[in-house]
Amino acid sequence: MKKIILLVVAAIAAASYLAYAYMNGDPMFGTLAKTMDDLPRNERLGSKRNIVVLGVDGREKDDDPGRSDTLFVVMFDPKSKNVSLLSIPRDTRVRIPGHGWDKINHAYAFGGHKLTQQTTEELLGIQVNNYVMVDFSGFEGLIDAIGGIDIDVEKDMYYYDDWDDFLIDLSAGPQHLDGKKAIQYVRYRDEEGDIGRIKRQQKFMLAVYEKIASAQILAKMPGLVSEIMKMVKTDLPVSDMLAMGGALHGMMKEQGGLQMATVPGTPEYIDEISYWIPDITDLREQMVDMQGAQMTERYRQGAEKMEAEYKRNLIAAQEKEKQQAVEEKLKEEEQTEKKIKAEAKEKNKEKAAAEKKAKSKKSKADELGPVETKTEDKMTAAPKAVKPPAKESSRTAVSVKVVDCSGKGAGSDAAARLAAMGFEVIDGGSDPERAQTTVVSTTSNGRVVSKLSTVPFPYTLRILRADDAAYDAVIFIGKDYQ
């Protein structure tokens, strides 16, 4: 009977886990996991021809197919001749079918343009009909084919990516960019992250349009079309591309611009990785507007359900991060205590050895007895040595041992600042990285603790008594040092 009960409990536990994994898009279920908004494909918005466009950083590595470095969706209405564009930050956090939560640009690495298309559909709540894909070499060829682009570079741009061996080096001001320089401009990423880069990419696309629409290029267009088609991969018929190009030209001429938007959201760090967290309800309202559709109750409920799932996942990720931080702190404190106790133990060994040596020396002297001197035939004992009074310690400075755990060489800077504050600084070398800067006092002496309160940078304080320590405190410089 007990065995049966155990089997039932095990079955219930397994079923509960599998249900949880299924709802959270665990990779074991592949693409079978349900969509977060509960909308089948035929209930997604599809009144326009939606085309996902990927700029791919195809890497020459057997084990790395690359990522979609640039991702946007072109929405084309053949009837009204309306064209609009939505940029998707590559750091957008999504649930990739069969692979769980990740950045949307990783969908290409997991399953190429097909998985990117599926992931984009589920994020936006629309039906994606076609794809257009161009890699970096193709992009460079496209720009060179139209004779380069004139653009005003907003500021000096310099960055070296050692992973891709890719250098960005552009000067501020009006520039004529060939293919190699143009790829630097659209890939540059500054303190604004993905959002700043998307603004530059949209600005660049308008500059490309202006160049293509110029009389100089229009005259060469018949020959350029076949050349350009060799540089891209797409399932979009040439006739549809020409129709969309004509509609775009008409919009630019009549309206003086193209409707461009970006997925709304907020930046967030999870496990020290940068993400763009989309605001799903705002995004779905934006899609209704850009698709020229009506917001149905079913579509609204799907958006709210999906947003709730995003919030649950974000909270769970943040709680996991907090727990990891607590565990890391406990581990650091344990290592700190071990380090200080080990040093104190070694100091005690040295002290015991010195005392043993001194005692041995004294025993030998006692065995020899007093030294006799002969003066005028009288035996006189040598005067006994008088032990001087104990000398009080002249050290008034609080001594601190500085250990660099910042991972960025901040120990020397911290040591200089402490020395300037009047501390006696001992170089403790470096240890494995730790998140927080920690001051560990080896004494509860009021003078020492009071002096430690003047440490000139943020820290957490601990008191771990080690009376035989050769210093008053150990300061572990963490990654938060500033």
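About the thresholds
Residues numbered from 1 in each chain as written. Predicted model: local features only at pLDDT ≥ 70, side-chain atom pairs only at ≥ 80, totals over all residues. Heavy atoms only, no water. Pairing = 2+ DSSP bridges. Helix = DSSP H or I, 4+ residues; strand = E, 2+ residues; numbered from the N terminus. Axes fitted to C-alpha atoms, helices over the stretch in contact; angles between N-to-C directions. Contact = heavy atoms within 4.5 Å. Phe/Tyr/Trp six-rings, centres within 6.5 Å; stacked < 30°, edge-to-face > 60°. Buried < 20%, exposed > 50% of the residue type's maximum accessible area, 1.4 Å probe, protein only. Lys NZ or Arg CZ within 6 Å of the ring centre and 35° of its normal. Patch = residues over 30% accessible without salt bridge, like charges linked within 9 Å, V, L, I, M, F, W, Y side chains within 5 Å. Areas by Shrake-Rupley, 256 points an atom, 1.4 Å probe, with all protein chains shown as cover. Salt bridge = Lys/Arg side-chain N within 4 Å of Asp/Glu carboxyl O. Core = buried A, V, L, I, M, F, W, Y, C linked by side-chain atoms within 4.5 Å.

Undergrad: Honestly, the sheet that holds strand S21 (residues 473-477) in this entry has me stumped. Any pointers?
TA: Sheet strands pair by backbone hydrogen bonding; their relative direction is either parallel or antiparallel. Here we have five strands laid out as an open sheet, ordered S18-S17-S21-S19-S20, and mixed in their pairing. Of all strands in the sheet, those bounded by a partner on one side alone are strand S18 (424-430) and strand S20 (460-463). If you compare each strand with its neighbour and ignore which way they point, the axes differ by 20 degrees on average. Here strand S17 (residues 399-404) pairs with S21 via five bridges, running parallel. Of the residues in S21, the one forming a bridge with Val 402 is Ile 475. This element, helix H11 (residues 411-420), spans S17, S18 and S21 of the sheet and lies at about 165 degrees to S17.

Undergrad: For this particular structure, what's the right way to read the packing of aromatic side chains?
TA: Note on aromatic pairs: each is described by the distance of the centres and the angle between the planes. For the structure on display, the rule yields four aromatic pairs. Aromatic pair Trp 101 and Tyr 310: ring centres 5.0 Å apart, planes at 80 degrees, arrangement edge-to-face. Placement of the pair is Trp 101 in strand S5 (residues 100-103) and Tyr 310 in helix H10 (residues 297-368), with a sequence separation of 209 residues. Judged by centre distance (5.1 Å) and plane angle (70 degrees), the rings of Phe 457 and Tyr 481 are edge-to-face. Highlighted residues: Phe 457 in the loop between helix H12 (446-452) and S20 and Tyr 481 in the segment after S21, separated in sequence by 24 residues. For Phe 457, a relative accessible area of 4% translates into the label buried. By relative accessible area, Tyr 481 is classed as buried at 10%. Through a chain of ring-to-ring contacts, three or more aromatic side chains come together here, namely Phe 139, Tyr 185 and Phe 204. Here Arg 434 stacks its cationic end above the ring of Phe 476, 4.2 Å away from the centre of that ring.

Undergrad: Please clarify how a nonpolar patch on the surface should be interpreted in this entry.
TA: Taken together, the side chains of Tyr 158, Tyr 160 and Leu 167 define a hydrophobic patch exposed on the protein surface, amounting to about 330 Å² of accessible area. When you line up the elements, Tyr 158 lands in strand S8 (residues 157-161).

Undergrad: In this structure, what is going on with the nonpolar core? I would like to understand it.
TA: Generally speaking, a soluble globular protein has its nonpolar side chains buried in company with each other. Counting 41 residues, the largest nonpolar core has Leu 86, Ile 88, Leu 123, Leu 124, Met 287 and Tyr 310 as the members making the most contacts within it. Every element with two or more residues in this core is listed here: strand S1 (49-56), strand S2 (68-77), strand S4 (93-96), helix H2 (106-124), strand S6 (130-135), strand S14 (273-278), helix H9 (280-291) and H10. No other element matches H10, which puts six residues into this core. In this structure, Ile 88 is in contact with Leu 71, Phe 72, Val 73, Ile 104, Thr 120, Leu 123, Leu 124, Ile 198 and Val 263, ignoring residues within four places of it in sequence. In this structure, Ile 146, Leu 170, Ile 183 and Ala 207 belong to the second largest nonpolar core, which totals 26 residues.

Undergrad: Explain the side chain of Arg 284 to me, please; I cannot follow it from the model alone.
TA: Mapped onto the elements, Arg 284 comes out in helix H9. Setting aside its immediate chain neighbours within four residues, Arg 284 contacts Asp 37, Leu 39, Glu 122, Leu 123, Leu 124, Gly 125, Met 295, Tyr 299, Ala 303 and Met 306.

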